[in-house]
Amino acid sequence: MSSTVSLAEAKAHLSELVVRVGGQHERVTVTVHGKPSAILLAPEDLESLEETIAILSDPETMRRLASSESELAHGEVESESDLAAAMERRHRPYA
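Residues numbered from 1 in each chain as written. Predicted model: local features only at pLDDT ≥ 70, side-chain atom pairs only at ≥ 80, totals over all residues. Heavy atoms only, no water.

For the protein chain, the name recorded in an unreviewed UniProt entry is Antitoxin, with Arthrobacter pigmenti as its organism. Its UniProt record, at the heading Function (unreviewed entry), says of the protein chain: "Antitoxin component of a type II toxin-antitoxin (TA) system." UniProt lists a comment for the protein chain under the heading Sequence similarities (unreviewed entry), and it reads "Belongs to the phD/YefM antitoxin family." (UniProt positions renumbered as here; feature names shortened; annotations may be inferred.)

Okay, structure coming up:
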């Protein structure tokens with residue numbers, strides 16, 4: 001969800017806007033003279049966007065993701081019991 005408010009309205013209702021952004025993950029665009037000038041965004045939402053940008057900017061990660069998607073499309077998957085066994089082995093490194 002997103003909304004747009006003028007700078008004057010943002011100043012007058014900043015506390016309310018911060019609560020909406022933080023609690024409801026609403027994105028609020030603040031305008032100056034009718035043009036977007038700033039965005040109020042929850043910290044978690046910003047972190048998520050930054051993480052997405054980092055993933056999309058990393059060629060090796062994108063290659064691995066494409067490879068995984070190809071394997072999935074070709075039915076090259078692990079069963080639930082195979083995954084459970086692998087996780088068990090990770091928790092018992094000296095066994």
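Read on, since the account is not over.
Peer 1: Help me understand the overall build of the protein chain, please; the structure alone is not making it clear to me.
Peer 2: A count of helical and extended segments in the protein chain gives five helices and three strands. Going residue by residue from the N terminus, the α and β elements of the protein chain occur as β-α-α-β-β-α-α-α. Computed over its C-alpha atoms, the radius of gyration of the protein chain comes to 22 Å, more than 25% above the 12 Å expected for a compact globule of 95 residues. By residue count, 13% of the 95 residues in the protein chain fall in the buried class. Intrachain contacts of the protein chain at a sequence separation of at least 6 include 32% that bridge at least 24 residues. Placing the 9 positive and 17 negative side-chain charges of the protein chain at their respective mean positions leaves the two points 5 Å apart. (Helix = DSSP H or I, 4+ residues; strand = E, 2+ residues; numbered from the N terminus. Rg over C-alpha atoms; globule rule 2.2 N^0.38 Å. Buried < 20%, exposed > 50% of the residue type's maximum accessible area, 1.4 Å probe, protein only. Contact = heavy atoms within 4.5 Å. Lys, Arg positive; Asp, Glu negative; His and termini not counted. Charge placed at Lys NZ, Arg CZ, Asp CG, Glu CD.)

Peer 1: Teacher, can you tell me more about the domain arrangement of the protein chain here?
Peer 2: Interfaces are often sized by the accessible area lost when the parts come together. Domain annotation of the protein chain identifies domain 1 (1-57) and domain 2 (59-94). The C-alpha centroid of domain 2 is placed 37 Å from the C-alpha centroid of domain 1. (Domains from an automatic or database assignment.)

Peer 1: Teacher, can you tell me more about the sheet that holds strand E3 (residues 35-40) here?
Peer 2: Either a parallel or an antiparallel arrangement is found when strands of a sheet pair, and the pairing is made through backbone hydrogen bonds. Across the sheet, which stays open at both edges, the three strands sit in the order E1-E2-E3 with mixed pairing between neighbours. Each end of this open sheet is capped by a strand with a single partner; those strands are strand E1 (2-6) and E3. The sheet shows a mean angle of 30° between the axes of neighbouring strands, taken without regard to direction. Inspection of the sheet shows E1 paired to strand E2 (residues 27-32) by five bridges, in the parallel sense. Across the sheet, Ser 3 pairs through a bridge with Val 28, a residue of E2. (Pairing = 2+ DSSP bridges. Axes fitted to C-alpha atoms, helices over the stretch in contact; angles between N-to-C directions.)

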